[in-house]
Amino acid sequence: MKRQKPTSNWRSRLHEIIYEADTPLGKWFDIVLFALIVLSVIFVMMESVKEIDAKYHKILLTFEWVITIFFTIEYIGRIISIRKPFKYILSFYGLVDLVSTIPLYISLVFAGSQVFLAVRALRLLRVFRILKLVQFLGEASQLKRALKASRARIAVFIYTVLILSVIMGTVMYWIESDASGFTSIPRSIYWAIVTLTTVGYGDIAPQTAWGQLIATVVMILGYGIIAVPTGIVTSEFTKQGWEAKKKVHLNTQVCPSCAKEGHRDDAEHCYNCGSRL
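Just so you know, the residues in each chain are numbered from 1, in the order the chain's sequence is written. Since the coordinates come from a predicted model, pLDDT governs what is reported: local features require at least 70, and pairs of side-chain atoms require 80 or more to be given and counted, while whole-chain, interface and lining totals use all residues. The basis for the side-chain values is all heavy atoms of the structure; hydrogens and waters are excluded.

Visitor: With reference to specific residues and values, describe the overall build of the chain.
Guide: Looking only at helices and strands, the chain features ten helices and zero strands. Every helix listed is a DSSP run of H or I at least four residues long, and every strand listed is a run of E at least two residues long, numbered separately from the N terminus. In sequence order, the secondary structure elements of the chain are arranged as α-α-α-α-α-α-α-α-α-α. Exposure classes here rest on a 1.4 Å probe applied to the protein chains alone. A residue is buried below 20% of its type maximum, exposed above 50%, and partly exposed in between. A total of 277 residues make up the chain; the buried ones form 34% of that total. By sequence separation, contacts in the chain at least 24 residues apart represent 57% of the contacts at least 6 residues apart. Looking at the chain as shown, the accessible area adds up to about 17100 Å², and 70% of this sits on carbon and sulfur atoms. Two residues form a contact once any of their heavy atoms are found within 4.5 Å. Surface accessibility in these figures is a Shrake-Rupley result with a 1.4 Å probe; residues are shielded only by whichever protein chains are displayed.

Visitor: Got a sec to walk through the pattern of salt bridges? Specific residues and values, please.
Guide: Only one rule defines a salt bridge in this text: a Lys or Arg side-chain nitrogen within 4 Å of an Asp or Glu carboxyl oxygen. Counted according to the given criterion, the structure contains three salt bridges. A salt bridge links R78 to E74; the nearest nitrogen and oxygen atoms lie 2.5 Å apart. Within this pair, R78 and its partner E74 are both found in helix α3 (residues 50-80), separated by four residues, close to a single helical turn. In this structure R78 comes out as buried when scored by relative accessible area, which is 1%. With a relative accessible area of 4%, E74 lands in the buried category. Between R78 and D97 there is a salt bridge, with the nearest N and O atoms lying 3.9 Å from each other. In this pair, R78 is assigned in helix α3 and D97 in helix α5 (residues 92-99), connecting sequence segments 19 residues apart. The pair R78 / D97 is uniform in exposure class, with both members buried. Taken together, the shared-partner salt bridges in this structure form one network comprising E74, R78 and D97.

Visitor: Account for unusual backbone geometry, naming residues and giving values.
Guide: Positioned with a positive phi, T198 is a non-glycine residue whose angle comes to about 60 degrees. Counting through the fold element by element, T198 comes out in the loop between α9 (185-196) and α10 (209-245).

Visitor: Can you tell me about a positive patch on the surface, naming the residues and giving the values?
Guide: The residues that make up patches have over 30% relative accessible area and no salt bridge, and they are joined within 9 Å when like-charged or within 5 Å when they are Val, Leu, Ile, Met, Phe, Trp or Tyr. When charges are counted, neither His nor the chain ends are considered; positive counts come from Lys and Arg and negative counts from Asp and Glu. A charge is said to be at NZ when it belongs to Lys, at CZ for Arg, at CG for Asp and at CD for Glu. On the surface, a cluster of positive charge is contributed by R83, K84, K87 and K260. Here K260 shows up in the segment after α10.

Visitor: Break down the packing of helix α2 (residues 24-47) against α3 for me, with residues and values.
Guide: The description of two helices packed together rests on the angle between their axes and the distance between the axes. Across the interface, α2 lies against α3 with an axial gap of 9 Å and an inter-helix angle of 145 degrees. Of the two possible hands of crossing, α2 and α3 adopt the one that is left-handed. Contacts from F29, L33, L36, I37, L39, S40, F43, V44, M46 and E47 in α2 reach I52, D53, H57, L60, F63, E64, I67, F70, F71, E74 and R78 in α3. Here the contact of α2 with α3 is built from residues that sort into 14 nonpolar, two polar and five charged. Lines fitted to C-alpha atoms define the axes, with helix axes restricted to the stretch in contact, and inter-axis angles between N-to-C directions lie between 0 and 180 degrees. Two helices that cross are described as forming a left-handed crossing if the nearer one is turned anticlockwise from the farther one by less than a right angle, and a right-handed crossing if clockwise. Polar here means any residue other than Ala, Val, Leu, Ile, Met, Phe, Trp, Tyr, Cys and Pro, which are nonpolar, and Asp, Glu, Lys and Arg, which are charged; Gly is therefore polar.

Visitor: Please give an account of α5 that cites residues and values.
Guide: The set of residues buried in α5 consists of G94, V96 and D97. Around the axis of α5, the buried residues are gathered within 165 degrees of arc, so they sit on the same side. Buried-residue contacts for α5 involve α3 and α4 (85-89). In this description, one arc is meant: the one made by directions from the helix axis to the C-beta atoms.

Visitor: So what's going on with the nonpolar core? Which residues, and what values?
Guide: Residues Y19, L33, I67, F71, I82, Y88 and A259 are the most contacted members of the largest nonpolar core, which totals 15 residues. Listed by contribution, the elements that provide at least two residues to this core are α1 (6-19), α2 and α3. Counting residues per element, this core draws most heavily on α2, which supplies five residues. Among the nonpolar cores identified, the runner-up in size contains 13 residues, and M172, I204, I214 and I225 belong to it. The set of buried Ala, Val, Leu, Ile, Met, Phe, Trp, Tyr and Cys residues whose side-chain atoms join them within 4.5 Å is what this entry labels a nonpolar core.

Visitor: Provide a residue-level description of the packing of aromatic side chains, including the pertinent values.
Guide: Geometry of aromatic contacts follows a simple scheme: Phe, Tyr and Trp rings, the Trp one being its six-membered ring, pair when their centres are within 6.5 Å, and the pair is stacked under 30 degrees between planes, edge-to-face over 60, tilted otherwise. Scanning the entire structure with this criterion turns up seven aromatic pairs. Consider the rings of F182 and W191, whose centres lie 5.5 Å apart with planes at 70 degrees: the pair is edge-to-face. The same class applies to F182 and to W191, which are both buried. By way of ring pairs, the aromatic residues F29, F70 and F71 are connected into one cluster.

Visitor: Mind laying out the environment of S235, listing which residues take part and the relevant values?
Guide: Here S235 shows up in helix α10. Each C-alpha atom, one on S235 and one on A146, is 8.4 Å from the other, the two residues being 89 residues apart in sequence.

Visitor: Account for the side chain of T72, with residues named and values stated.
Guide: With respect to the element layout, T72 can be found in helix α3. Once residues lying within four places of it in the same chain are set aside, the contact partners of T72 are T101 and Y105.

Visitor: Please provide a residue-by-residue account of the environment of I175, values included.
Guide: Tracing the backbone shows I175 in helix α8 (residues 134-175). Taking the relative accessible area as the measure of exposure, I175 reaches 25% and is therefore partly exposed. On a C-alpha basis, the gap between I175 and W210 in space is 7.3 Å, while along the polypeptide they are 35 residues apart.

The following block contains the structure:
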């Protein structure tokens, strides 16, 4: 039996620390990563406040560079610790990690682009793994499947709302005058959408009795329409819930080859690439 190469040993150890949340070191790494992500987003927000930025700009920039360098090292570590790095690089988390790392480097050429560091907030999705909340991963997948199954009905609903908005907007343009703010059909359609969605900015309002009557009908329709997409998604979510109960439990183990997670507790091989876990 051949001895495992030292390269494989340190690479496996690095993979265990960076990707696994079930080991002490892996858990501490994820907690530190989580804290740095939160701090980074806070620093970006603080930098956008002119009074704070004017007083603490150098300090905030220093902290941002320290965190960015850490994320850069972490990103490189994620690439070299798996056998198929392009699987990670082109994955959702891989793209998020890359996009959340490069803005500060780009700001050296294009000033102001560091504000896009706020995209690091997406990395907080890893909190599910950090806290071992596997059931929430299942719930997220369940919601995703419910939205996907409902997309045709939601599309028909949105199409109906748009047609209704066009009709109501056109009628209001015909009834109301320019003095009321209904200066064109597109602007009247804007009013119809704002009213139908119960937002009601109040920048445009009907002045005639007939216009106010139509506005009342549109507002009442708005309350009824709000419940439609909620009911569609809820019914599908319930359906997906019943189906999910029949399935086996998943864990947070990450494949060392393709970085896929969400494997069965009794799995010995990755469901995506077949590599041994």
